[in-house]
Amino acid sequence: MIQSIAELCELIQIPASALNLDKNSSFSLKVPQHFAKQIEAKNPQDPLLLQILPDLVEQQQNIAFSLDPVGDLKANPIDSLLHKYYGRVLLIISPKCDIHCRYCFRRHFPYEQAKKTHWQEALDYIEQDKTISEVIFSGGDPLSLSENILIDLIQKIAKIPHITTLRIHSRTPVVMPTKADKTKLLEVLKYSRLNIVLVVHCNHPNELTKDTLILFNKYKQANITLLNQSVLLKNVNDSAKTLEQLSKKLFSQGVLPYYCHLLDKVSGAKHFLVNDHQGGVLLEELRKRLPGYLVPKFMTEIAGEPYKTQLKDFK
Ligand SMILES: *Cc1c(COP(=O)(O)O)cnc(C)c1O
Ligand code: SF4
């Protein structure tokens, strides 16, 4: 795990003085070796590097960019449980991530609160509401937790009769495949009565490697449905060519594209913004280049709406 700027600079062969670094960011540098090794040396514009480098530009404030852009704090009936949409609840089961993504919409989330939870309260909530059929593990990153904690929680959820599906949202499989290779957990998921969906978070084709391919094959053998969600990020993946390659490479590794999110307006991330119009143009281009099943849905999230909003074609 790389957490020092000096170590990162040495690996990517760029002197710190050549970068516009924010050395005192409250959201510190954190990047696993596996991800860092996919960064091209001597390229300060590398699309993977831009996702993890604390840049001084983050300090620019903008009135439209807030600390809680999607209204999560309001949808919190009990600590660590978000019930925003019908039939689905989201559990923030880990405050930690294996990587710090600069565009993260939860970068200001009060995770300290989440840490203290005691699962029973969340499980009771789910048990009492029979309209809930799907539990979503989110974070932070759920796979940053230990196998035993995850297994215990999954077994408790499987005992609730009205739950049919467990969905895990995690960036760990892509950024740190060795850590996401949890044998005991895969065994439990394979024989679980629940449908298991794993949504990996991959933004750029360069993030997919031989190691991710091996890992995804193991997931498939455990009957896990693999989907991807990405965030549309300026200078990282805001070109039709990159998004086309991303979809094709994901598919070659057994993963189907699910959502491509337009950026949530979280303070510190304005320099990543691709606006709705540009997003619509990209979507239109992708639909020309790819079969329908490889075109992700372009999504925005409007606080207070009963579902995430799909961006319409630009015409
Ligand atoms: C995104 C999200 C979901 C899942 O929405 P889908 O459209 O089913 O992917 C559920 N709960 C919360 C709080 C979410 O933010
Ligand atoms: S892995 Fe996800 S939750 Fe964690 S910092 Fe990155 S975007 Fe945010």
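Everything here concerns the structure above.
All figures in this text were calculated on a predicted structure; none of them were measured in a lab.

## Description of the site of ligand 2
1) Next: In the vicinity of ligand 2, the residues found are Cys97, Ile99, Cys101, Tyr103, Cys104, Gly140 and Arg171.
2) Next: Residues of the shell around ligand 2, tallied by class, amount to 5 nonpolar, 1 polar and 1 charged.

## Focus on the site of ligand 1
1) Next: Taken together, Leu82, Lys84, Tyr85, Arg88, Leu90, Ile136, Arg167, Tyr258, Tyr259, Glu301 and Lys308 make up the full set of residues near ligand 1.
2) Next: Note that an oxygen atom of ligand 1 is positioned 2.8 Å from one of the side-chain N or O atoms of Arg167.
3) Next: At 2.7 Å from an oxygen atom of ligand 1 is found a side-chain nitrogen or oxygen belonging to Tyr259.
4) Next: Starting from 380 Å² of accessible surface for ligand 1 in isolation, the protein chains cover 90%.
5) Next: Counting residues per element, the ones that place at least two in the shell around ligand 1 are β1 (81-85), β2 (88-94) and β7 (256-261).

## Concerning the packing of aromatic side chains
1) Next: Summed over all chains, the structure comprises 4 aromatic pairs.
2) Next: Ring geometry for Tyr103 against Phe272: centres 6.1 Å apart, planes inclined by 90°, an arrangement best described as edge-to-face. Here the residue Tyr103 occupies a position in the loop between β2 and α4 (111-115), and Phe272 occupies one in the loop between β7 and α12 (276-289), the gap between them amounting to 169 residues. Both residues of the pair, Tyr103 and Phe272, belong to the buried class.

## Concerning a negative patch on the surface
1) Next: Taken together, the side chains of Asp79, Glu121, Asp124 and Glu127 define an acidic patch exposed on the protein surface.
2) Next: Relative to the assigned elements, Asp124 resides in helix α5 (residues 119-128).

## A word on the side chain of Thr209
1) Next: Along the chain, Thr209 turns up in the loop between β5 (195-201) and α10 (210-221).
2) Next: According to the relative accessible area criterion, Thr209 is buried, its value standing at 13%.
3) Next: Apart from residues no more than four positions distant in its own chain, Thr209 is found in contact with His34, Gln38 and Gln253.

## Side note on the pairing of β1
Remember that side chains alternate between the two faces of the sheet whenever the strand is regular.
1) Next: Here 3 bridges tie β1 to β2, and the two strands are oriented antiparallel to one another. Following the sheet pairing, Tyr85 is matched in β2 by Arg88.
2) Next: With antiparallel pairing between neighbouring strands as the criterion, β1 and β2 make up a hairpin whose turn holds 2 residues, including Gly87 at a positive phi of roughly 85°.

## What about the nonpolar core?
1) Next: Counting residues in each nonpolar core, the largest one holds 72 residues, and the members touching the most others are Phe137 and Tyr219.
2) Next: Broken down by element, the residue count for this core peaks at 5 residues, all from helix α6 (residues 147-158).
3) Next: Counting residues domain by domain, this core receives three or more from each of domain 1 (5-59) and domain 2 (73-310).
4) Next: The next biggest cluster of nonpolar side chains, apart from the first, holds 14 residues, and it includes Leu262, Val295, Phe298 and Leu311.

Rules of the game
Numbers given to residues run from 1 along each chain, matching the order in which its sequence is written. Chain labels run from A onward and ligand labels from 1 onward, assigned in the order the entries are written. Local features in this predicted model are restricted to residues of pLDDT 70 or higher, and side-chain atom pairs are both shown and tallied only at a pLDDT of 80 or more, whereas totals for entire chains, interfaces and linings draw on every residue. Processing note: side-chain calculations cover all non-hydrogen atoms of the structure and skip hydrogens and water entirely. Each residue is tested against the molecule or strand, and it is near if at least one of its non-hydrogen atoms lies within 4 Å. Classification used: nonpolar for Ala, Val, Leu, Ile, Met, Phe, Trp, Tyr, Cys and Pro, charged for Asp, Glu, Lys and Arg, polar for all others including Gly. Within 3.5 Å is the distance limit for a polar contact, defined as a pair of N or O atoms, with the added protein rule that one can donate a hydrogen and the other accept it, and that residues adjacent in sequence qualify only through two side-chain atoms. In short, Shrake-Rupley with a 1.4 Å probe defines the accessible areas, and a residue's cover is counted only from the protein chains shown. The helix and strand labels rest on DSSP assignments: H or I over at least four residues marks a helix, E over at least two residues marks a strand, and numbering proceeds from the N terminus. A pair of aromatic rings is counted whenever rings of Phe, Tyr or Trp (Trp by its six-membered ring) have centres within 6.5 Å, and the orientation is called stacked for planes under 30 degrees apart, edge-to-face for over 60 and tilted otherwise. Buried residues are those whose accessible area, probed at 1.4 Å on protein chains only, stays under 20% of the maximum for their type, while exposed residues exceed 50% and partly exposed ones sit between those limits. To count toward a patch, a residue needs a relative accessible area above 30% and no salt bridge. Like charges then connect within 9 Å, nonpolar side chains (Val, Leu, Ile, Met, Phe, Trp, Tyr) within 5 Å. The rule for a salt bridge is simple: a side-chain nitrogen of Lys or Arg has to be within 4 Å of a carboxyl oxygen of Asp or Glu. Residues scored as charged are limited to Lys and Arg (positive) and Asp and Glu (negative), so that His and the chain ends carry no count. For this purpose, a charge sits on NZ of Lys, CZ of Arg, CG of Asp or CD of Glu. By the convention used here, residues are in contact when the closest approach between their heavy atoms is within 4.5 Å. By the convention used here, strands pair only if DSSP detects at least 2 bridges between them. Each nonpolar core is a collection of buried residues, namely Ala, Val, Leu, Ile, Met, Phe, Trp, Tyr and Cys, held together in the definition by side-chain atoms within 4.5 Å. An automatic or database domain assignment supplies the residue ranges for each domain.

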